[in-house]
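Structural description and commentary
As a plain string of letters, each chain reads:
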Amino acid sequence: MAVNKKKHWYEYLWIWSIIYFALGFFNILFAWLGMIDFILPLIFAAVGGNKWFCNHMCGRGQLFWVLGRNLKCSRGKPAPKWMSSKWFRYGFLIFFLTMFGTMVFQTYLVFSGAGTLRKAIKLFWTFRVPWQWAYNGSIFPDWVAQFGFGFYSLMLTSTLIGLIVMVLYKERTWCSFCPMGTMTQGICKIKSKERV
Amino acid sequence: MRKAVNDIDRCVACGVCALQCPREAISIHKGCYALVDIGKCVGCGLCEKACPAGSIKVSEVENGSK
């Protein structure tokens, strides 16, 4: 007996994930929109003490589900245990934040004039891919575009990692070590202890 | 009785299990872990199949209570 579940608008946010990468392909300034997915979960966790964003609104998680389950692109095998262990989750979070910090620093270098805008994205923090078609100047200073390239790189890299583990293991294996997920769960844990 | 049991120490609170549950027996407790309502759970195992952390598993539970 399946419960008749009403479909909500936020169940289609996986489309947003695709639109995001498409927009960033044509104009890198759209990469800034990804900050919504960065800030919103933190607000939910810090203010509401919940993971409602992860649970219902994460477009990336939904995309992995649509591709993995509905389109059968996932083996659906259990992931190795270390992948959802605390040390790996927090380790990955620290690594991710360090890389985010590096990206912000590079933006600062362009802002201060010590660096120049590089119209390229970096995949897996290693491989530089030319992306010059996505930016031909704008009313904004160069550092705004530099942040766009950096942030788009980060978003694309993490989605690619997520896709790889989706194919190899369970659909939403990415969720088990997603830095945003780890961060929001950490905040919620602290908050739930406070409230006792 | 076979029911879903969650290892709250491993749980990442992603909520995939709650989305899959046909009985709406699972909720995410304060963003910390998935909580199974044993009274509603029928032990179908859809949550276990979806769980990316391998924390929720259908196992034998005495009397349908804890």
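Placed above this text is the structure.
Residues numbered from 1 in each chain as written. Chains lettered and ligands numbered in written order. Predicted model: local features only at pLDDT ≥ 70, side-chain atom pairs only at ≥ 80, totals over all residues. Heavy atoms only, no water.

1. Regarding the pattern of salt bridges
By the definition in use, this model includes three salt bridges over all chains. Across the pair lysine 7 of chain A and glutamate 11 of chain A runs a salt bridge whose closest N-O atoms are separated by 3.6 Å. Across the salt bridge formed by aspartate 9 of chain B and lysine 86 of chain A, the nearest N and O atoms sit 3.3 Å from each other. On the criterion of chain membership, the pair formed by aspartate 9 of chain B in the loop between strand S1 (2-6) and helix H1 (16-20) and lysine 86 of chain A in helix H5 (residues 86-112) is interchain, its members lying in two chains. A residue is classified by how much of its surface remains accessible, and lysine 86 of chain A, at 37% relative accessible area, is partly exposed. (Salt bridge = Lys/Arg side-chain N within 4 Å of Asp/Glu carboxyl O. Helix = DSSP H or I, 4+ residues; strand = E, 2+ residues; numbered from the N terminus. Buried < 20%, exposed > 50% of the residue type's maximum accessible area, 1.4 Å probe, protein only.)

2. Brief notes about the packing of helix H2 (residues 34-48) of chain A against helix H8 (residues 179-194) of chain A
All names here are of chain A. Packing of H2 against H8 leaves a shortest axis separation of 8 Å and a crossing angle of 15°. Comparing their axes, H8 and H2 come out roughly parallel. The handedness of the crossing between H2 and H8 comes out as right-handed. Listed contacts from H8 to Asp37, Phe38, Pro41, Leu42, Ala45, Ala46 and Val47 of H2 are Met180, Met183, Thr184, Ile187, Cys188 and Lys191. Residues belonging to the contact of H2 with H8 are distributed by class as follows: 10 nonpolar, one polar and two charged. (Axes fitted to C-alpha atoms, helices over the stretch in contact; angles between N-to-C directions. Parallel < 35°, antiparallel > 145°, perpendicular 65-115°, else oblique. Left-handed = near helix turned anticlockwise from the far one by under 90°. Contact = heavy atoms within 4.5 Å. Nonpolar A, V, L, I, M, F, W, Y, C, P; charged D, E, K, R; others polar.)

3. Overview of the interface of chain A and chain B
The interface of chain A with chain B comprises 26 residues on the first partner and 25 residues on the second. Both faces combined, the contact of chain A with chain B buries some 2,200 Å², and carbon together with sulfur accounts for 47% of it. For the pair chain A and chain B, the number of links is one salt bridge. Counting the contacts that link chain A with chain B gives 12 residue pairs in polar contact (both at pLDDT 80 or more). (Buried area = accessible area lost by both parts, 1.4 Å probe. Polar contact = N/O pair within 3.5 Å; in protein donor to acceptor, adjacent residues only side chain to side chain.)

4. Some words on the nonpolar core
As a rule of thumb, soluble globular proteins bury nonpolar side chains together. Counting 38 residues, the largest nonpolar core has Ile28, Phe149, Phe151, Tyr152, Trp174 and Phe177 of chain A as the members making the most contacts within it. Put simply, the parts of the chain that give this core at least two residues each are helix H1 (14-26), H2, H5, strand S1 (120-123), helix H6 (142-168) and helix H7 (173-177) of chain A. Among the elements that make up this core, the one with the highest residue count is H6 of chain A (12 residues). Setting aside residues no more than four positions away along its own chain, tyrosine 152 of chain A makes contact with Tyr20, Phe21, Gly24, Phe25, Ile28, Ala31, Ile121 and Trp131 of chain A. Residues Ala4, Cys17, Cys21 and Ile28 of chain B belong to the second largest nonpolar core, which totals 22 residues. (Core = buried A, V, L, I, M, F, W, Y, C linked by side-chain atoms within 4.5 Å.)

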